[in-house]
Amino acid sequence: MITVSELNEKIKAILEATFMHIVVEGEVGSVTYHSSGHVYFSLKDSDSTIKCVMWRSNVKKLKFTIEKGEHIVVDASIGVYSPRGEYQLIAVKVEPYGKGALALAYEQLKTKLESRGYFDKDIKKELPKFPKRIAIVTALGGAALQDMLKVASKRWALCEIIVVDVLVQGESAKGEVSKAIEYADTLNCDVIIVSRGGGSQEDLWAFNEEIVAEAIYRAKTPIVSAIGHEVDFLISDFVADLRAPTPSAAIEMILPDCKDYLFMLDDMRDTLNRDIEIKFRDLSLSLTSVKEQLNTLSPMAKLNLMSREFDILKSSLNGAIEYKFKVCKSQLEPFSSRIDELIEIKVKNEENRLNMLLERAKGAMKQREVKEGFVEVTKDGKRVEICSVRDGDELSLVDGRCKLNVTVFKKHRL
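Residues numbered from 1 in each chain as written. Predicted model: local features only at pLDDT ≥ 70, side-chain atom pairs only at ≥ 80, totals over all residues. Heavy atoms only, no water.

Caption draft 1: Molecular detail of the overall build of the protein chain. Counting secondary structure elements, the protein chain contains 10 helices and 14 strands. The globule rule puts the C-alpha radius of gyration for 414 residues at 22 Å, and the 67 Å found for the protein chain is more than 25% above it. The dimensions of the protein chain, computed from C-alpha atoms along their principal axes, are 220 × 75 × 35 Å. Looking at the 414 residues of the protein chain, the share that counts as buried comes to 29%. Contacts in the protein chain between residues far apart in sequence, at least 24 positions, make up 61% of those at least 6 positions apart. In the form shown here, the protein chain has an accessible surface area of approximately 28,700 Å², with 57% of it arising from carbon and sulfur atoms. (Helix = DSSP H or I, 4+ residues; strand = E, 2+ residues; numbered from the N terminus. Rg over C-alpha atoms; globule rule 2.2 N^0.38 Å. Buried < 20%, exposed > 50% of the residue type's maximum accessible area, 1.4 Å probe, protein only. Contact = heavy atoms within 4.5 Å. Areas by Shrake-Rupley, 256 points an atom, 1.4 Å probe, with all protein chains shown as cover.)

So this is what it looks like as structure tokens:
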């Protein structure tokens, strides 16, 4: 005879030794995620149910969330709790039945974030047309970064590129990528590119993690997800403001091509030159018209017009005067001969009178010449009275025959 405790211990030893590793498939009947980090769930089929537990250390490795009604495959061992005589499966690894754990985890997180509105187009931030500064969250030594830098230098060298070096693969990559995005969001950049090259689903898995999705969603800076190749779709692609099929394509989508703008500038220059030429021609014609109007209305133009009108009037007046003169002349011709006769008679009479005066003057001169001893006294060419001269004056004494220049030595009054 044995005790209950001894029986339970024997059963425990037999079960745990016999079922050290078993693989069981079934449907999840119930599931509880405990605050300690452990997961308690039940596995059932159409006839039976068994309790299961997955310790926290193994839960961390779980890629998807165990949900009620899900068909799963459990790698486990049998564990017996002796005080109550209960046994359960100690799950080490859990996989979804018929599909990979990563695929299921991807679908679960995608559904979860979509229900929260993380993928809504209305919340997508618009990317600037001419970004001045771009932060690239990626591995510093990766080939994808070098490709991006080459494309950037060719397309738009005016943009500043800041590289935030980060681990993009492995268990700790999700935490580092999340922190790197948060840091890049503080750099006052116009755009953040989260990037890495191609790889397997496991290699790219960090960008399917909820912590990375949360960092992208919370960022205030527009984010472009450029992970893997064109066929790879990551959770980060759906949360980001823009998905690029490849890292190089991300640069092409974000940065303008300087060649296009150089061509555009050439076209604009040609158009501007053509517009300037047309405008100059129009203004020149307008200026000519205004100049003509100004010349027409200017004082000089009015003066020239008045001068021409004056010349016309002058010519007309001269013609009228000439005509009037001819008319008057024809009317005066009968009196002309009579006037000429009267003038001739008048001239002869005046000539006779003048001759008479000359004869008288000659007679008077002769009388003055006869009187000897009389002279004309002049000073400075003017006749003077003798009484008005002074001592020292120079005088001229002139009679009809000679002239004496004398100096007054002494004047005596009589």
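Caption draft 2: Seen up close, unusual backbone geometry. If you check the backbone angles, asparagine 188 has positive phi at about 60° while not being a glycine. The topology assignment puts asparagine 188 in the loop between helix 5 (173-184) and strand 8 (191-196).

Caption draft 3: Expanded view of the packing of aromatic side chains. This structure, assessed with the given rule, holds six aromatic pairs. Judged by centre distance (3.8 Å) and plane angle (5°), the rings of tyrosine 118 and tyrosine 217 are stacked. Of the two residues, tyrosine 118 sits in the loop between helix 3 (101-116) and strand 6 (133-138) while tyrosine 217 sits in helix 6 (residues 210-218), which places them 99 residues apart along the sequence. Counting every residue linked through ring pairs, the aromatic cluster contains Phe119, Phe233 and Phe238. The residue whose ring lies beneath arginine 243 is phenylalanine 233, and the NZ or CZ to ring-centre distance is 3.9 Å. (Phe/Tyr/Trp six-rings, centres within 6.5 Å; stacked < 30°, edge-to-face > 60°. Lys NZ or Arg CZ within 6 Å of the ring centre and 35° of its normal.)

Caption draft 4: How the structure looks around the packing of helix 4 (residues 143-155) against helix 8 (residues 247-254). The N-to-C vectors of helix 4 and helix 8 enclose an angle of 25°; their axes lie 8 Å apart at closest approach. Overall, the two elements helix 4 and helix 8 adopt an arrangement that is roughly parallel. Helix-helix and strand crossings are classified by hand; for helix 4 and helix 8 the assignment is right-handed. Here helix 4 contributes Ala144, Asp147, Met148, Val151, Ala152 and Arg155 to the contact with helix 8, which in turn contributes Pro247, Ser248, Ile251 and Glu252. The residue inventory of the contact of helix 4 with helix 8, partitioned by class, reads six nonpolar, one polar and three charged. (Axes fitted to C-alpha atoms, helices over the stretch in contact; angles between N-to-C directions. Parallel < 35°, antiparallel > 145°, perpendicular 65-115°, else oblique. Left-handed = near helix turned anticlockwise from the far one by under 90°. Nonpolar A, V, L, I, M, F, W, Y, C, P; charged D, E, K, R; others polar.)

Caption draft 5: Up close: the sheet that holds strand 3 (residues 49-54). The strand order around the closed barrel built from five strands is 1-2-3-5-4, with neighbouring strands paired in mixed fashion. Geometrically, the sheet is characterised by an average inter-axis angle of 55° between neighbouring strands, direction not taken into account. As paired strands, strand 1 (residues 22-33) and strand 4 (residues 71-81) are joined by six bridges and run antiparallel to one another. Directly across from valine 24, in strand 4, lies its bridge partner valine 74. Docked against the sheet, helix 1 (residues 4-18) engages strand 4 and strand 5 (86-96), running at close to 145° with respect to strand 4. (Pairing = 2+ DSSP bridges.)

Caption draft 6: Up close: the side chain of serine 82. Tracing the chain through its elements places serine 82 in the loop between strand 4 and strand 5. Dropping the residues within four chain positions of it, serine 82 is found in contact with Asn8, Glu9 and Lys12.

Caption draft 7: Just a nonpolar patch on the surface, in detail. Residues Leu262, Met264, Leu265 and Met268 make up a contiguous nonpolar surface patch of roughly 380 Å² in combined accessible area. Checked against the element boundaries, leucine 265 lands in helix 9 (residues 258-297). A residue is classified by how much of its surface remains accessible, and leucine 265, at 48% relative accessible area, is partly exposed. (Patch = residues over 30% accessible without salt bridge, like charges linked within 9 Å, V, L, I, M, F, W, Y side chains within 5 Å. Salt bridge = Lys/Arg side-chain N within 4 Å of Asp/Glu carboxyl O.)

Caption draft 8: Expanded view of the nonpolar core. The biggest cluster of nonpolar side chains holds 58 residues, and the ones touching the most others in it are Phe41 and Val94. No other element matches the seven residues that helix 3 contributes to this core. Every residue in contact with valine 94, bar those within four places of it in the chain, is listed here: Phe41, Met54, Leu62, Phe64, Ile66, Ile72, Val73 and Val74. With 17 residues, the next largest nonpolar core counts Ile134, Ile136, Leu145 and Leu255 among its residues. (Core = buried A, V, L, I, M, F, W, Y, C linked by side-chain atoms within 4.5 Å.)

Caption draft 9: Quick look at the pattern of salt bridges. Scanning the entire structure with this criterion turns up 16 salt bridges. Across the pair glutamate 210 and arginine 116 runs a salt bridge whose closest N-O atoms are separated by 3.3 Å. A residue pair is termed long-range when its members are at least 10 positions apart, and glutamate 210 in helix 6 and arginine 116 in helix 3 qualify at 94 residues. Of the charged contacts in the structure, one is a salt bridge between arginine 116 and glutamate 214, with a shortest N-O distance of 3.0 Å. Of this pair, arginine 116 sits in helix 3 while glutamate 214 sits in helix 6, and the two are 98 residues apart along the sequence.

Caption draft 10: Broad picture of the packing of helix 5 against helix 6. Following both chains from N to C, one finds helix 5 and helix 6 inclined at 5°, their axes separated by 8 Å at the closest point. Judged on the interaxial angle alone, helix 6 and helix 5 are roughly parallel. Of helix 6, the residues touching helix 5 (which contributes Lys174, Gly175, Val177, Ser178, Ile181 and Glu182) are Ile211, Val212, Ala215, Ile216 and Arg218. Classifying every residue of the contact of helix 5 with helix 6 gives six nonpolar, two polar and three charged.

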